[in-house]
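Understanding the architecture of this molecule
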Amino acid sequence: MTYADRAAEFRALHRAGHPLLLPNAWDHASAAALAHSGFAAIGTTSLGVASAAGKADATGDTREETLRLARGLARLPALITVDIEGGFAERPADVAKLAAELAGAGVVGVNIEDGRPDGTLTDTTIQCELIRAIKETVPDLFVNARTDTYWLRAGEAGETERRAAAYQQAGADGLFVPALQDEKTIATLVTTFDLPLNILYAPGRLTYNHLTDLGVRRVSTGSLLFRASLHAAVTTAQAVERGDALPEGLPSYAEAAALSGPWER
């Protein structure tokens, strides 16, 4: 299967049937386990990648870790999309170069955000230049344009629609609005824009089925799986110390070792 074929397959996952449930991995083993369990597409979580490297999230400091991980994940029998934070660069040409490297490795999508570490939003014109540069360099790459209007409480609904319109015009393939859980606003975005809407799953809030009914086309887990794994590691260690029963279904040594491959698409 060619790169164009896999890119088209990933794009189609946003349009047919139920929304794409996109689990987010933070290293090769977590992604391989998800692929082995049958998920057709897997994303990465910038928090997980950064924390695993001992670095802070969303500071633009994990370009090399992200690229190195992506090169390995692209060998898995799953479609891979990568969180590149704000692009790890300011110049559109540099962001486009990263996108080309990722596509060259086999990655079919990227997630690029307009939120910045200081709590502000990137100027819309500048963000559109980044999106446009990526699409001009790698037309088949799925660009999921993330706006942090709700995450940072920066204007929220009105600003979200303004930015969605601009990002769509710039060539974005999808719209991601983390922290948005208002049903009316979700429904408005779904009907107003042709871009498939991506919502971050929030435990205790809107369920996957409810988001399906609202017309959402992609549901991401974000850092949830990474945080759950940390909790599981600590609670398992505590169970050993207390002599409590361990969770059932733990992979064996051989099963965990097999996650390193080899894999065939």
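Read on for an overview of the structure. (Residues numbered from 1 in each chain as written. Predicted model: local features only at pLDDT ≥ 70, side-chain atom pairs only at ≥ 80, totals over all residues. Heavy atoms only, no water.)

With parallel pairing, the nine strands of this open sheet are ordered in space as β1-β9-β8-β7-β6-β5-β4-β3-β2. Looking along the sheet, the strands with just one partner apiece sit at the ends: β1 (20-22) and β2 (24-25). Note that strand β8 (residues 197-200) and strand β9 (residues 218-220) share three bridges and pair parallel. Following the sheet pairing, Asn-198 is matched in β9 by Arg-218. Lying over the sheet, helix α1 (residues 3-12) contacts β1, β3 (41-44), β4 (79-83), β5 (109-113), β6 (142-146) and β9, oriented at roughly 75° with respect to β4. (Pairing = 2+ DSSP bridges. Helix = DSSP H or I, 4+ residues; strand = E, 2+ residues; numbered from the N terminus. Contact = heavy atoms within 4.5 Å. Axes fitted to C-alpha atoms, helices over the stretch in contact; angles between N-to-C directions.)

Burial analysis of β4 places five of its five residues in the buried class, the great majority of the element. Of the strand pairs in this sheet, β3 and β4 are connected by three bridges, and their pairing is parallel. Within β4, the position partnered with Ala-41 by the bridge is Leu-79. Pairing analysis gives three bridges linking β4 to β5, with the strands arranged parallel. Within the sheet, the bridge partner assigned to Asp-83 lies in β5 and is Asn-111. (Buried < 20%, exposed > 50% of the residue type's maximum accessible area, 1.4 Å probe, protein only.)

Our focus in this paragraph is a nonpolar patch on the surface. A cluster of nonpolar side chains, Val-240, Leu-246 and Leu-250, forms an exposed patch at the surface whose accessible area comes to about 280 Å². Mapping Val-240 onto the fold places it in helix α10 (residues 224-242). (Patch = residues over 30% accessible without salt bridge, like charges linked within 9 Å, V, L, I, M, F, W, Y side chains within 5 Å. Areas by Shrake-Rupley, 256 points an atom, 1.4 Å probe, with all protein chains shown as cover. Salt bridge = Lys/Arg side-chain N within 4 Å of Asp/Glu carboxyl O.)

One finds Ile-42, Ile-84, Leu-102, Ile-186 and Leu-197 to be the most contacted residues of the largest nonpolar core, which totals 63 residues. Here this core takes five residues from helix α5 (residues 92-105), the largest share from any one element. (Core = buried A, V, L, I, M, F, W, Y, C linked by side-chain atoms within 4.5 Å.)

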